[in-house]
Amino acid sequence: MADPMRIRAQAAGDKTTVRVLMSHEMETGQRKDAEGKTVPAWFIQEVTAAHNGKQVLQAEWGPAVSKNPFLQFMVKGAKAGDKISVSWKDNKGETRTDEATVS
């Protein structure tokens, strides 16, 4: 299983900025290893985020996203103490979900 995501959610007025650092190798399927064999594709395909259980973001990614991707987005109406959860699923079926409290 992948390392936990680092999620920071900071409220400022009626908007909350959410910053997420995901730990994932994000292989394109085009790179070759030291022996000249192609490294199989392995990348995050789906990313979702929820505010107190209600989905606020859905994204589809491909192999062009960098290793250990960083995502930042804004949520309207989130207050200190609310929960923000972020989930991803990769092309091998692995998933990860982590949660942060708005500060």
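Residues numbered from 1 in each chain as written. Predicted model: local features only at pLDDT ≥ 70, side-chain atom pairs only at ≥ 80, totals over all residues. Heavy atoms only, no water.

Under an unreviewed UniProt entry, the name given to the chain is Sulphur oxidation protein SoxZ domain-containing protein, and the source organism is Comamonas brasiliensis.

Undergrad: Mind showing me how you'd approach the sheet that holds strand β7 (residues 95-101) here?
TA: Taken in spatial order, the 4 strands line up as β4-β3-β6-β7 in an open sheet, and their pairing is antiparallel. The sheet terminates laterally at β4 (54-60) and β7, the two strands that pair on one side only. The sheet shows a mean angle of 15 degrees between the axes of neighbouring strands, taken without regard to direction. Relative to strand β6 (residues 83-90), strand β3 (residues 44-51) is paired through 7 bridges, and the arrangement is antiparallel. Among the inter-strand pairings, E46 is bridged to a residue of β6, identified as K89. (Pairing = 2+ DSSP bridges. Helix = DSSP H or I, 4+ residues; strand = E, 2+ residues; numbered from the N terminus. Axes fitted to C-alpha atoms, helices over the stretch in contact; angles between N-to-C directions.)

Undergrad: Just to check I follow, could you spell out the UniProt feature "domain: Sulphur oxidation protein SoxZ" (unreviewed entry) in the chain for this structure?
TA: Here the UniProt feature "domain: Sulphur oxidation protein SoxZ" (unreviewed entry) sits at residues 7-100. Across residues 7-100 one finds 0% helix and 52% strand; the C-alpha atoms that close the span lie 6 Å apart. (UniProt positions renumbered as here; feature names shortened; annotations may be inferred.)

Undergrad: Is there a simple way to think about the nonpolar core in this case?
TA: Side chains of a nonpolar character, in soluble globular proteins, are inclined to be buried together. Ranked by internal contacts, the top residues of the largest apolar core, which has 22 residues, are V18, V20, M22, V47, L71, F73 and V86. When sequence neighbours within four positions are dropped, the list of residues in contact with F73 reads T16, T17, V18, V20, A49, V56 and L57. (Core = buried A, V, L, I, M, F, W, Y, C linked by side-chain atoms within 4.5 Å. Buried < 20%, exposed > 50% of the residue type's maximum accessible area, 1.4 Å probe, protein only. Contact = heavy atoms within 4.5 Å.)

Undergrad: Looking at this model, I keep getting lost on the side chain of H51. Mind explaining?
TA: By the secondary structure assignment, H51 is in strand β3. Among residues more than four places away in sequence, those in contact with H51 are V56, V75, G77, A78, D82, K83 and I84.

Undergrad: Please explain the environment of V39 as it appears in this structure.
TA: For V39, the position within the fold is in the loop between β2 (15-21) and β3. Owing to a relative accessible area of 15%, V39 belongs among the buried residues under this scheme. Taking the C-alpha atoms as reference points, V39 and F73, separated by 34 residues in sequence, lie 31 Å from one another. Apart from residues lying up to four places away in sequence, V39 is in contact with E27, G29, Q30, R31, K32 and D33.

Undergrad: Would you mind showing me how to read the pairing of β2 here?
TA: Two faces belong to every sheet, and in a regular strand the side chains alternate between them. Where strand β1 (residues 6-12) and β2 come together, 7 bridges link them in antiparallel fashion. Across the sheet, the residue bridging to R8 is R19, located in β2. A loop of 2 residues connects β1 with β2, the two strands running antiparallel in sequence, and G13 in this loop sits at a positive phi of about 70 degrees. One ladder, built from 7 bridges, connects β2 with strand β5 (residues 70-76); its direction is antiparallel. Its bridge partner lying in β5, T16 is registered against V75.

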